[in-house]
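Analysis of the macromolecular model
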Amino acid sequence: MATERNIIAGMKVWVEDSELAWVDGEVINVGNGHAAILTSKGSKLSIPFSKIHPRDVDTQPGGVDDMTKLSYLNEPSVLYNLASRYELNDIYTYTGNILIAVNPFTKLPHLYDVHMMEQYREAPFGQLNPHVFAVADASYRAMINEQLSQSILVSGESGAGKTETTKLIMQYLAYMGGRSVTDNRSVEQQVLESNPVLEAFGNAKTVRNDNSSRFGKFVEIQFDKNGKISGAAIRTYLLERSRVVQISDPERNYHCFYQLCASPEDVDIYKLGDPRVFHYLNQSNTYELDGVSNAEEYSKTRRAMDVVGINLEEQEAIFRILAAILHLGNIEFSPGREHDSSTLKDQTSAFHLQNAAELFMCDAKQLQDTLCTRIIMTREGNITKSLDPSSATINRDALAKTVYSRLFDWLVDKINKSVGQDSDSRTLIGVLDIYGFESFKNNSFEQFCINLANEKLQQHFNQHVFKMEQEEYSKEEINWSYIEFIDNQDVLDLIERKPVGIISLLDEACMFPRSTHETFATKLFQSFKNHSRFKKPKLSLTDFTISHYAGEVTYQANLFLEKNRDYSIVEHHSLLSSSKCPFVAGLFPPSLEDTSKSSYKFSSVATRFKQQLQALMETLSLTEPHYIRCVKPNSGNRPGNFENLSVLHQLRCGGVLEAVRISCAGYPTRRTYDEFLDRFGLLAPKFVGTQNNEKAATEELLQRLNLSNYQLGKTKVFLRAGQMAEMDARRAEALNNAAKVIQRQFRTFIARKEFNRKRRAALKIQCYWRGWLARKLYKVMRREAASVIIQKYIRRWLSQKVYIHLRFAVNTIQAGIRAYFVRREYQLKRQTLAALKIQKNWRMWKARSYFLHLRVATISFQCAWRCRLARKELHRLKLAERETGALREAKNKLEKRCEELTWRLQLEKRLRADAEESKSLEIRKLQNALEEMQLESDAAKALALKEKEANLVLRNKLEVATNQSSALEESYVKIQDLTRENQSLKISVESLEKKVADTHRELVISQNETDERLRKVKEVESNIAQLQETVHRLEEKLSNLESENQVLRQQALVVSPTNGLTNHATPMILQKTPEAQQVSQGSQHSMFDSSIDSQIIKVRSNSLSDTKLQSRFSIERQQENQRALVKCVIQDVGFSNDKPVAACIIYKCLLQWHAFEAEITPVFDHIIQTIGLIIEEKDDNDALSYWLSNTSTLIFLLQRNLKPSGVSTTPQRRYPGSVTLIGRMTQGFKSPSNHGSSGTGGTFGAHEGIQQVEAKYPAILFKQQVTTYLEKIYGILRENVKKDIGPLLSLCIQAPRMSRASMSKGSRSPNMIGATQQVLSSHWHSIIKILNSLLSKLRANHVPPLLVCKLFTQVFSFINVQLFNSLLLRRECCSFSNGEYIKSGLAELEQWICEASEQYAGTSWDELRYIRQAVGFLVIHQKAKKTLDEIMQDICPVLTVQQLYRISTMYWDDKYGTQSVSREVFASMKMMMTRSSQNASANTFLLDDDTSIPFSVDELTKGMSDVDLSDVETPPLLRDISAFHFLQENT
């Protein structure tokens, strides 16, 4: 409340308003305990000081995320802070550690995805924006760290979002504590899936909410010692049983009934149909919910039942009971024959009775008797009493409510048993989802119980808030005394105290059969007539009013007695316990009370609820509470609509304003010293600027202002209520005085400026006037002189004109006469020349026509003759091709046979002598065949020469005939030309000239078209050549990949046809000896017939012993060499000529030992195991860089020089593309050259003619394993860098705050400025230091630039993601000064990228585009003048609308006071987000980190330069070993 002391004219205040609850205004004048205020609505009011609240004009436009930061912690400030945040879609707000959640009534999936949960994981409470995940994480971390149970209390009125908030809490707890699995279903999954089941059976549509929970729920999630979910339990309170049989329009019954009626497969089974035909459902006209499909929800409920452990039989029984309840409601009664008796009304009722009995699996007659009669037990026996129709209807409804209540309790017990409880668990987190305070026009027994629960919870809440206040004071070490706060214990005593509480009196009235609601109300009035919390309305005899903490509520006692009585009817129990369905019978187990005299057993609902509530409070008292208050912004469930009166009522009912009152009772205003001095330091600027201690400066400032009752803590100053307003009034007065001084000086400056401007203007006018007079005089004098000169020139011009006219006439006459004689002479000469020209052209045309005709005939004759010769040659070539193909096929068969028998020579050396004879025979056969082919080839060449000579003779004869024919034609033409007449020649010449011109034009056009076509043909040929080369490369790569896949699937090569001979042979020798190589080379062309097989069998037994000895010796020598190689690889052998020695040595040894061609060899496993052990032992970046270089080089050598088995051994040559199509076709028919094995020296790469080694399965597997280790080393190195940079990025996102004394004007020395800049940039320098260290290690180890570039690109992408996400999640980071700080850090990163060069940094600068554009947006001064198109296209083109909206709403300027974007831009952003809200991926505004491997083996191979193995030095460890001398041969 404001006082006269702190209310001054011009002050901004809040005043009450009937429409908006509170409205802002400005104080006009003050006097007589009242203030004249002009509101923003334009009205003038006179308000007492006690009803005025000061308003903070310096508050941020988007509000504060924690309302304890408000300068004035009062009702209007809290309300409008929530409204301003809700307008920006910030639905969560803190009040201390209490979270207030405003229902947005729209889906915001980007706020609740896995990435968002990862951001809030282990984040300090309050560091990020308010969120339900922050409360859940705080409770989880408190449980883990302190080993104390926690509880999260979610409250709010119907439709405020309690159920959804509870789901999100359980979702986060399952995310943090998952992985405990029982019965193939995780505990957290069962807990989450229990929500759809309980919602289907316990939620219904009400007037305020489409999915209102009609029961209270407390979920206990148990955790083991490792923090994993190990069990859970669900406890429910006060299910609204009356809703099963009675609903009002537009509400609905429980969801499960409508879901069952919408199930297409169960409708016929249970004889159901449209919900409109059932009495329990058609009492309301609402059957469907907007945007909800009952059939789909039914399927979800079924799936959820599967997850929580309800089997199919139990599910069928559950829905059978629901169908029975629906049929039960359609049973109607009419008066019977006897007095006060009843019977079924019609056949429809009988039909539904029969269906209900079948579904309950009981006797239909017995069910009818149970509904229409009552059994009274006496000493003499049982008396059956008939019930009238109304009593029978009540009896029917009681049965339906009892069955549904038992079914709901069974579901809860089943879920608890299925999930399981951990008896060894010592900690738990309880989530309470309970109804909020309710106050309607008509309030009955349900509202009474609900408000009792809220009174209990409010008492617990008040104690917790008061405890937090005490902890805050103790933490700051200030002196404080006991603070009084309003307690509601008197209300609780009024309701539940024995023996005169309302519940006790209600139970007492229910025990007497003749009690009515009038007698019950009279008893209440008599007992509590003097109670301050109890009132009696004047116009009602049975209503009573209770003053709750949230306000007064008037209850109607009409139905209190009926709803409090919970009779257990023995007939119902005995009927259903005898059901043939085990499930139904299990809901009604036999009881020991069946022998009672009365069939009706009384049980108090209020007493049972009070006991449950007491147990709940005892559980909560053993836990550390966390509070979430859900608020419904409007009654119409419309997004973007904030109703002040409704929200204010909910804040009062939710206890938020009660917490504000508790805070106001102590020190409601608390500010850190730097914030306090920033705000009020201007009241004493000279003194504050010279103090280095902020606490001392604050104390001195408060003393100079003569304030008392304040407290100075360790980091904050605490002020009493009203002191902040008083200081703001003084601050406003100081600002007003300063404004007056500024205005006076400014007005003086303006007046002086205006005087000087007028003086300069007068002087300028005088100057211009004098100049105008002088120019006017000069103009007159100049005009007189000009007139004399003009007269002179006019006279001369007239005389000259006459003379020119006469001369022109004379010249014209002379020219005409002379031209006449010249034209006549010229006409005669022209006619003579024309006749000569016509004769010449005509003779020329005749001669040319004859010549062209003769040339066409000659060419046709030549073409015909050449075609004949070509067809003969083609026929001959086809015959030769057939013979050549047959020979080639025979040769291929012989070569295959030769390859099949080659391996036999390697095993049996003594058979060479016997095989020489057959070998020589076959060689002679082949030589004979070759000689025959040579003879045939010579004959074909001779025939071709003869045909060429015949062609020459024919060509000579043709030339002679042509000459003779041309001579005869010329003589004939001359004779014909002489007989022509000149007149016909003239006519024909004219037509010929036209034709020649047309022909010339057509020739030019055709020539141009020909040139264009030739150019296009050349382009097409070049493109075809490129495509042919590309296809050739792709075919090679495809064949390699297919061969690798085939080898990997089969895991072996082709099985030898003589396995019987090798079963007892020794293993294959991995290192081939020179003798073995000679045998292999000498047996390439040997052939064996059937007789050789018998010889092999005879000699095998003699050679077996020698083979074993030789193989054993080779194996031992091989193992020694492998151990030496591994020992050398373990050591850091360094680099030779910038090439890793280890990789080169490994490859040369494997190539020398022919390990790539072996089917079985252990050397690959030894090398892989060695690399793995080294990486595990040495995980520092230097060692990882060394092995990254070695593995990449080894992969390069293997990829370039190995090929899978089964691929053609043709050397990988690239033939240059031919210019013409004939040339390309000729190249396509060229046969590939023979293959050979590659040597150990030389250069290995993609040179032409390099021959690849055919790799077996172990070699291919080795290459894949090395590739895996390369990716693993790369990933470990990348994660190490991220771990080093990650903590620094959290410090780089926000500029460190400097003390006010260090930043004041008087202390800004050069040394202090330098020290400040050093502190601000130290974190960025640390990051650059890490990057420089990494780059130097990578370059020192000669890591390929491609890998270095990829690594730094991903590191900078990680920096971009972390900085950008932190910027969007922390409001304090979205400020102008913080943007400048981040921008300076990014400039240092840019400088580092430039220094590192593009070879190593690559596109790293582009990876920072998100944070660069976001920071660029923050440091713009005139954001309000920018349009949305300018922002999205020019300033932030890569940012989405959601990201821009997030930054714009969180932006605040702590340096210049600039505003965010305009309201029009905000509206456009909202419209665009609404359009894209259907796309879930478009709603998220956070970035994901890329953890993939950004390169492939092919890309790595292409990006590396060729490796020359000839200049690699041999390590000293291998130089003295004779087996490794081959390493030095080419060095």
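What you are looking at is a predicted structure, and each value in this text was computed from that prediction instead of being measured.

Examining the overall build of the protein
Across its full length, the protein holds 49 helices and 34 strands. Relative to its 1531 residues, the protein shows a buried fraction of 44%. Long-range pairs, those at least 24 residues apart, make up 74% of the contacts in the protein with a sequence separation of at least 6. Accessible surface computed for the protein: about 82400 Å², of which carbon and sulfur atoms make up 54%.

Side note on the nonpolar core
Nonpolar side chains tend toward joint burial in soluble globular proteins. Counting 254 residues, the largest nonpolar core has F201, F257, Y404, F1156 and L1389 as the members making the most contacts within it. When neighbours within four sequence positions are excluded, F201 is seen to be in contact with Y254, C256, T301, M305, I318, L322, Y404, L407, F408 and L411.

Focus on the confidence of the model for the protein
Across the protein, pLDDT averages 78, with 79% of residues at or above 70. Taken together, the stretch residues 592-599 has pLDDT below 50 and engages in 14 contacts with residues farther than four places along the chain or on a different chain. Counting interchain partners and residues more than four positions distant, the pLDDT-below-50 stretch residues 1299-1310 has 17 contacts.

Structural notes on helix α24 (residues 694-704)
Residues of α24 that are buried: E694, A697, T698, L701 and L702. Projected down its long axis, α24 carries its buried residues within an arc of 130 degrees, all on one side. Where α24 terminates, the next one or two residues include N706, which has phi positive at roughly 60 degrees.

What about the sheet that holds strand β22 (residues 551-556)?
If you walk across this open sheet you meet the three strands as β20-β21-β22, and the pairing is antiparallel. A strand with exactly one partner marks an edge of an open sheet, and here the two such strands are β20 (534-535) and β22. Here six bridges tie strand β21 (residues 543-548) to β22, and the two strands are oriented antiparallel to one another. Paired with D543 across the strands is Q556, a residue of β22. Packing of helix α13 (residues 489-496) onto the sheet brings it into contact with β20 and β21, and relative to β21 it is tilted by some 150 degrees.

A closer look at the state of the cysteines
Under the defined criterion, the tally for this structure stands at zero disulfides. Free cysteine: C261, not disulfide-bonded; nearest cysteine sulfur from C256 at 9.8 Å.

Observations concerning the pairing of strand β1 (residues 12-17)
Strand direction decides the pairing type here: β1 and strand β2 (residues 21-31), joined by six bridges, are antiparallel. By the bridge assignment for β2, W14 is matched with D24. The hairpin turn running from β1 into β2, its antiparallel successor, is three residues long. Alignment of β1 against strand β5 (residues 53-54), held across two bridges, turns out to be antiparallel. Note that in β5 the partner of W14 across the bridge is H53.

Comments concerning the packing of aromatic side chains
Across all of its chains, the model carries 38 aromatic pairs by this definition. Ring centres of Y254 and Y404 lie 5.1 Å apart, and the angle between their planes is 15 degrees; on these two criteria the pair is classed as stacked. Within this pair, whereas Y254 is found in the loop between β14 (229-237) and α6 (255-261), its partner Y404 is found in helix α11 (residues 389-419), the two being separated by 150 residues in sequence. Per residue, the accessibility class of Y254 equals that of Y404, and both read buried. Taking the centre distance of 6.4 Å and the plane angle of 65 degrees together, the rings of W1324 and Y1381 count as edge-to-face. Pair noted here: W1324 is in helix α38 (residues 1310-1340) and Y1381 is in helix α40 (residues 1376-1401), with a separation of 57 residues, a long-range link. What links up through ring pairs into an aromatic cluster is the set F445, F448, F520, F525, F528, F534, F544, Y555 and F560. Its guanidinium or amino end placed over the ring of Y258, R252 lies 3.9 Å from that ring's centre, counting from NZ or CZ.

Quick notes on the packing of α11 against helix α17 (residues 570-577)
Remark: α11 packs on α17, axes separated minimally by 11 Å, with the N-to-C direction vectors making an angle of 55 degrees. In this view, α11 runs oblique relative to α17, as classed from their interaxial angle. Crossing angle aside, the handedness with which α11 passes α17 is right-handed. Residue-level contacts link N395, A398, L399, V403 and R406 of α11 to H572, H573 and L576 of α17. Residues of the contact of α11 with α17, tallied by class, amount to four nonpolar, three polar and one charged.

Re the side chain of N1378
Tracing the backbone shows N1378 in helix α40. Among the residues examined, N1378 registers a relative accessible area of 2% and is labelled buried. Looking at N1378, its side chain comes within polar contact range of the main-chain oxygen of C1373, at 2.8 Å.

Here we look at unusual backbone geometry
Residue D249 is joined to P250 through a cis peptide bond whose omega torsion reads 10 degrees. One non-glycine residue, N89, lies in the positive phi region at around 65 degrees. Structurally, the position occupied by N89 is in the loop between α1 (75-87) and β6 (92-95).

Focus: a nonpolar patch on the surface
Where nonpolar side chains cluster on the molecular surface, the patch consists of I790, I794, W797 and L798 and spans about 410 Å² of accessible area. Here I794 shows up in helix α25 (residues 723-900). Overall, I794 belongs to the partly exposed group, its relative accessible area being 45%.

Concerning the sheet that holds strand β26 (residues 669-672)
The three strands are arranged β26-β28-β27 in an open sheet whose pairing can be described as antiparallel. In the strand order of this sheet, the two ends are held by β26 and β27 (711-712), each with one partner. Note: β26 against strand β28 (residues 716-719), four bridges, orientation antiparallel. In the sheet register, R670 faces β28, and the bridge partner there is F718.

Each value, and the rule that gives it
Residues numbered from 1 in each chain as written. Predicted model: local features only at pLDDT ≥ 70, side-chain atom pairs only at ≥ 80, totals over all residues. Heavy atoms only, no water. Helix = DSSP H or I, 4+ residues; strand = E, 2+ residues; numbered from the N terminus. Buried < 20%, exposed > 50% of the residue type's maximum accessible area, 1.4 Å probe, protein only. Contact = heavy atoms within 4.5 Å. Areas by Shrake-Rupley, 256 points an atom, 1.4 Å probe, with all protein chains shown as cover. Core = buried A, V, L, I, M, F, W, Y, C linked by side-chain atoms within 4.5 Å. pLDDT = per-residue confidence, 0-100. Arc of directions from axis to C-beta. Pairing = 2+ DSSP bridges. Axes fitted to C-alpha atoms, helices over the stretch in contact; angles between N-to-C directions. Disulfide = S-S within 2.5 Å. Phe/Tyr/Trp six-rings, centres within 6.5 Å; stacked < 30°, edge-to-face > 60°. Lys NZ or Arg CZ within 6 Å of the ring centre and 35° of its normal. Parallel < 35°, antiparallel > 145°, perpendicular 65-115°, else oblique. Left-handed = near helix turned anticlockwise from the far one by under 90°. Nonpolar A, V, L, I, M, F, W, Y, C, P; charged D, E, K, R; others polar. Polar contact = N/O pair within 3.5 Å; in protein donor to acceptor, adjacent residues only side chain to side chain. Patch = residues over 30% accessible without salt bridge, like charges linked within 9 Å, V, L, I, M, F, W, Y side chains within 5 Å. Salt bridge = Lys/Arg side-chain N within 4 Å of Asp/Glu carboxyl O.

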